[in-house]
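Chain by chain, the residues run as shown.
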Amino acid sequence: MHLTRFLDPNGVPHFGIDLGDGTANRLSGSPLDGPIKPTGEICAITKRLAPIAPANIYCIGLNYTAHAAESGHAVPEHPCVFMKPTTSLCHPGDPIRIPASSHGPEVDYEAELAIVIGTIARDVDERDAMSHVLGFTCANDVSARWWQKHGGGGQFVRGKSFDTFCPLGPVIVTVGDAEDEVADPGDLRVRSMLNGNVMQDDTTANMMFSVPELISRLSRDTTLLPGTVILTGTPEGVGYARKPPVFLTPGDEITVTIDGIGSLSNPVLMAKS
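An account of the accompanying structure is given in this report.

### Some remarks on the overall build of the protein chain
The secondary structure content of the protein chain amounts to 3 helices and 19 strands. For 273 residues, the compact-globule estimate of 2.2 N^0.38 gives 19 Å, and the protein chain sits close to it at 18 Å. Over its C-alpha atoms, taken along the principal directions, the protein chain stretches across nearly 50 × 45 × 30 Å. Out of the 273 residues in the protein chain, the part that is buried amounts to 52%. Considering only intrachain contacts with a sequence separation of at least 6, the fraction spanning at least 24 residues in the protein chain is 71%. The averaged location of the 32 negative side-chain charges in the protein chain is 7 Å from the averaged location of its 20 positive side-chain charges.

So, in structure tokens, the structure goes:
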């Protein structure tokens, strides 16, 4: 099932089951509250919101061999983990804002599969990891490369943390074997397109650390709350590794597409100083 978070014509936010025609079957409460309960009330979707307001945002770096190579890094033995603040959340269609504190054109895109945790997970075995997953969505791990690499000692997290630097959406696709669910997160095509041009195109089959392994490792002695979002890493083709580099500029539109989930598009603007 495709879960959406949206505003109705009165500007009231709801969770719902996306019906694919601009409407949703409103849910009673949040899908994190327990069994999903549709009310039968059909609401018009006037604006899509990020499909979850994350409890925490974990991110994995260098999870594709080719991306590690283009970045000049060795293949990691363990997942490279960092975090984004929840204030970096950006809704589908809302602008990614290039920070006024940027040093030149260095804001980059990273298309990623995102895991949404549905139930508390701690010290989870890989074999049980998927039972804690509500579903999956598209993510863009927007990155200010100057801050990430040179900003006063290499401010890696700072470069990932600016407002609007974590677009999520358009829906959460639940785990399961039905036609409208994700049965195997290890075989999903992930692409990014900048102004209609394909920049990244790969499959999650090439991730070094699988979805169950990431959940298991992150949950060691660490509680993953319901609503935790995990960005699983980006394929090769990011802007800074290109020759010449390609960065986001005002007026651009960047789209992340994952087969079976949908497309997440955001325009690019300059933030006000």
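Structure's up, so let's keep going.
### Notes on the pattern of salt bridges
Summed over all chains, the structure comprises 13 salt bridges. Connected through salt bridges with shared partners, the residues Lys-84, Asp-108, Glu-110, Asp-141, Arg-145 and Lys-160 form a single ionic network.

### Some words on unusual backbone geometry
Omega for the bond connecting Gly-169 with Pro-170 falls within 30 degrees of zero, at 0°, which places this linkage in the cis form. Examined against the element boundaries, Pro-170 turns out to sit in strand S14 (residues 166-174). That bond from Lys-243 to Pro-244 is cis: its omega, 0°, falls within 30 degrees of zero. Here Pro-244 lies in the loop between strand S17 (229-231) and strand S18 (253-258). Positive phi, normally seen in glycine, also occurs at Thr-164, with a value near 75°.

### As for the layout of surface pockets
Approximately 230 Å³ is the volume found for the largest pocket. As for the largest pocket, its lining consists of 19 residues, and the residues nearest its centre are Leu-62, His-73, Arg-145, Gln-148 and Phe-156. Within the residue set of the lining of the largest pocket, elements represented by two or more residues are strand S6 (57-61), strand S7 (80-84) and helix H2 (145-150). Among the elements that make up the lining of the largest pocket, the one with the highest residue count is H2 (3 residues). A breakdown of the residues in the lining of the largest pocket according to their chemical character gives 6 nonpolar, 7 polar and 6 charged.

### Details of the environment of Val-229
Within the secondary structure, Val-229 sits in strand S17. Classification of Val-229 as buried rests on a relative accessible area of 0%. If we ignore the near neighbours within four places in the chain, the residues touching Val-229 are Ile-52, Pro-54, Asn-56, Ile-57, Tyr-58, Ala-114, Ile-115, Val-116 and Leu-168.

Cut-offs applied
- Residues numbered from 1 in each chain as written.
- Predicted model: local features only at pLDDT ≥ 70, side-chain atom pairs only at ≥ 80, totals over all residues.
- Heavy atoms only, no water.
- Helix = DSSP H or I, 4+ residues; strand = E, 2+ residues; numbered from the N terminus.
- Rg over C-alpha atoms; globule rule 2.2 N^0.38 Å.
- Buried < 20%, exposed > 50% of the residue type's maximum accessible area, 1.4 Å probe, protein only.
- Contact = heavy atoms within 4.5 Å.
- Lys, Arg positive; Asp, Glu negative; His and termini not counted.
- Charge placed at Lys NZ, Arg CZ, Asp CG, Glu CD.
- Salt bridge = Lys/Arg side-chain N within 4 Å of Asp/Glu carboxyl O.
- 1 Å grid on protein atoms, 1.4 Å probe; cavity = no way out; pocket = protein on both sides within 12 Å on 5 of 7 lines; lining within 4 Å.
- Points joined across faces, edges and corners; volume = space filled by probe spheres on them.
- Nonpolar A, V, L, I, M, F, W, Y, C, P; charged D, E, K, R; others polar.

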